[in-house]
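Descriptive analysis of the structure
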2 protein chains.
Amino acid sequence: MQFIDFEEGTAADTLFVNDTTKPTLKQGQVLVKVHSFGINRADTLQRQGKYPAPRGESSILGLEVSGEIVEIAQGEESTASRWQVGDKVFALVAGGGYAQYVAVYASHLMPKPKNVDMPSAAGIAEVFLTAYQSLFQVGGLKSGQRVLIHAGASAVGLAAIQLAKADGCHVSVTASSEKKLAVCEKYGADRLINYKMQNFAECFEQGGVDVIIDFVAGDYVNRNLKILNNDGTIVYLAMLAGRFADKLDMALMLSKRATITGSTLRSRSDEYKASLISDFCQQFFADLESGALRPVIDTQYAINEIGLTHQRLEQNDTMGKLVVSWD
Amino acid sequence: MQFIDFEEGTAADTLFVNDTTKPTLKQGQVLVKVHSFGINRADTLQRQGKYPAPRGESSILGLEVSGEIVEIAQGEESTASRWQVGDKVFALVAGGGYAQYVAVYASHLMPKPKNVDMPSAAGIAEVFLTAYQSLFQVGGLKSGQRVLIHAGASAVGLAAIQLAKADGCHVSVTASSEKKLAVCEKYGADRLINYKMQNFAECFEQGGVDVIIDFVAGDYVNRNLKILNNDGTIVYLAMLAGRFADKLDMALMLSKRATITGSTLRSRSDEYKASLISDFCQQFFADLESGALRPVIDTQYAINEIGLTHQRLEQNDTMGKLVVSWD
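To keep things clear, this report deals only with the structure shown in the data block. This is a predicted model, so every value here is computed, not measured. (Residues numbered from 1 in each chain as written. Chains lettered and ligands numbered in written order. Predicted model: local features only at pLDDT ≥ 70, side-chain atom pairs only at ≥ 80, totals over all residues. Heavy atoms only, no water.)

1. Considering the overall build of chain A
The number of helices and strands found in chain A is 10 helices and 16 strands. For 327 residues, the compact-globule estimate of 2.2 N^0.38 gives 20 Å, and the C-alpha radius of gyration of chain A, at 20 Å, lies within 12% of that figure. With the C-alpha coordinates of chain A rotated into their principal frame, the extents come out at 55 × 40 × 35 Å. The buried share among the 327 residues of chain A stands at 57%. When contacts within chain A are restricted to residue pairs at least 6 apart in sequence, long-range pairs at least 24 apart make up 68% of them. (Helix = DSSP H or I, 4+ residues; strand = E, 2+ residues; numbered from the N terminus. Rg over C-alpha atoms; globule rule 2.2 N^0.38 Å. Buried < 20%, exposed > 50% of the residue type's maximum accessible area, 1.4 Å probe, protein only. Contact = heavy atoms within 4.5 Å.)

2. Some thoughts on the packing of aromatic side chains
All chains considered together, the criterion is met by 18 aromatic pairs over all chains. Consider the rings of Tyr132(B) and Phe284(B), whose centres lie 5.9 Å apart with planes at 85 degrees: the pair is edge-to-face. Of the two residues, Tyr132(B) sits in helix α4 (residues 125-138) while Phe284(B) sits in helix α9 (residues 270-290), which places them 152 residues apart along the sequence. Grouping residues by exposure puts Tyr132(B) and Phe284(B) together as buried. A cation sits over an aromatic face here: Arg266(A) above Tyr51(A), 5.3 Å from the ring centre. (Phe/Tyr/Trp six-rings, centres within 6.5 Å; stacked < 30°, edge-to-face > 60°. Lys NZ or Arg CZ within 6 Å of the ring centre and 35° of its normal.)

3. Some remarks on the pairing of strand β15 (residues 297-302) of chain A
One face of the sheet, then the other: side chains in a regular strand alternate in exactly this way. All names here are of chain A. Bridge analysis of β15 against strand β16 (residues 321-325) gives 5 bridges, and the strand direction is parallel. Along β16, the bridge assignment pairs Tyr301 with Val324. The handedness of the β15 to β16 crossover, carried by helix α10 (residues 306-314), is right-handed. (Pairing = 2+ DSSP bridges. Right-handed = clockwise from strand over helix to strand, strands pointing away.)

4. Considerations on the interface of chain A and chain B
Listed as interface residues are 29 residues of chain A and, on the opposing side, 29 residues of chain B. Summed over both sides, the interface of chain A with chain B buries roughly 2,500 Å², with 61% coming from carbon and sulfur. On the chain A side of the interface with chain B, the three residues burying the most area are Met250(A), Leu254(A) and Arg257(A), jointly 26% of the side's total. On the surface where chain A and chain B come into contact, there are 4 salt bridges. For the side of chain A that touches chain B, the secondary-structure elements that each account for two or more residues are β12 (228-236), β13 (244-249), α8 (250-255) and β14 (259-262) of chain A. (Buried area = accessible area lost by both parts, 1.4 Å probe. Salt bridge = Lys/Arg side-chain N within 4 Å of Asp/Glu carboxyl O.)

Set out below in structure tokens:
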């Protein structure tokens, strides 16, 4: 089979197509013929050598795919039995998505929603599961509460806006341009903050927020604390401002009984992911089917444009997902 | 009635006995004739003018008492009905404990355990409820996990050691002297770290801890993160090293999916406290009755020694609770 190969530490435009053998299946896995795969920041970091693949996982890039089941592993009928060869699916994978075939745990598969095409389906798993986990399971967001989503026009941001609105929450977002804010508004955001024009922490005079989704850290941490309601939670998904955030304001931490938590999806156990996917589907799959929740695809690329996708992600000029299709 | 009065911002030795009227009862409250009251750091901070009483609460110092019910409010039979005039109790109060009489919500009362005397009972509520809340409800500590308790010989520390051991956990503690560590060991601590002799973060080569109870902040935050297990929680109860902790290490926060949370007890709602007390009693009251859990009283003082109690707390030379008795 073909896959996208790379040498660690090289530039985006050096990604290249190479040949390897198809993956062998472990118990409970199915083989998916990949139609499209999503591009994630973790992929660009892994290419740069800053984010090695977890032990025991494929060293091939790629955390999410759409495609068709072509083989089901022997045994473990209980986990695999709801799936059949020929089923169209999308899935979370711990690696190996940038390939023509990928091994996926049956419990990490979801049926392709009827009204979503294959390329768009490849862009659902990482962003919607990350947003779902961050808002509700890690952040503890409850129906009707108020949430601030930084980088609202990012792929995870746009998924988070939709999920929070679907749960009846008030959604504030930050983004760097009016154009990006207009996209956030289109997907439901209530309060739009251009962080290049305004200090976001000064936009909450009429009451704060219960949950904050942040990718920045740096001087955002204490500013987030200032606008957090009592018993609120700040969920960190990245540290775009660098490894060390500002000196933490413990007076705000204590007086607000605030919680700061770091969260990731990739490093979680297979069992955790299966449970997350099951919870997500139970609460929101019908909304994906109906089109109430929409994967936001910035651009669908052909396989020979793979280098461009990493370049664009590294330039932070995307709104929604980049996906790549084999055919 | 008599109570302990103070002028904000004055020294410990200026606390003085004064006269005022007995408190009037709100719905759901009972009047307790105070036998003894516990001394807490919040009291010394309130005297210094650094920690004002919550709105609507008594401006008299004191967060916990033992004594006898002398009056039950009209109405609200459902919350007060399990109590009768003459019952010996101990209780959490949001203020007003340094007095001969205090109004207490019936839902914030606990029966005095049979084998605990009145002065010792006055030292149970704040420390055991704070420790219980921090370990299990905020920290999420589970039976069999590993916990690090800083300031292990503090009153909250000694309660936390006992509760964690009662739940089958492995307990590490830090303290500033061998004498204090010996007390920690007496109450069940498994690993004793003299933080003046050793960098505590270098004592965990064989695996980290799941929950950390910290009162320090400062350069403890990132050292705590280093020894925290994945998905672990650091609970902050104070900031003895000052308002601003070191620059937060987001790489550790993200890679370990760590949680840092500030917690207090006094500022919580009456409903929260009632629920906390109910949960605590269900899980641990029998252990207080049997003597398996023991309130640790450093010294019982007479009312005219009140200034000395604040002095000792401000000098950090206590092991366990200071309590003061009226008679």
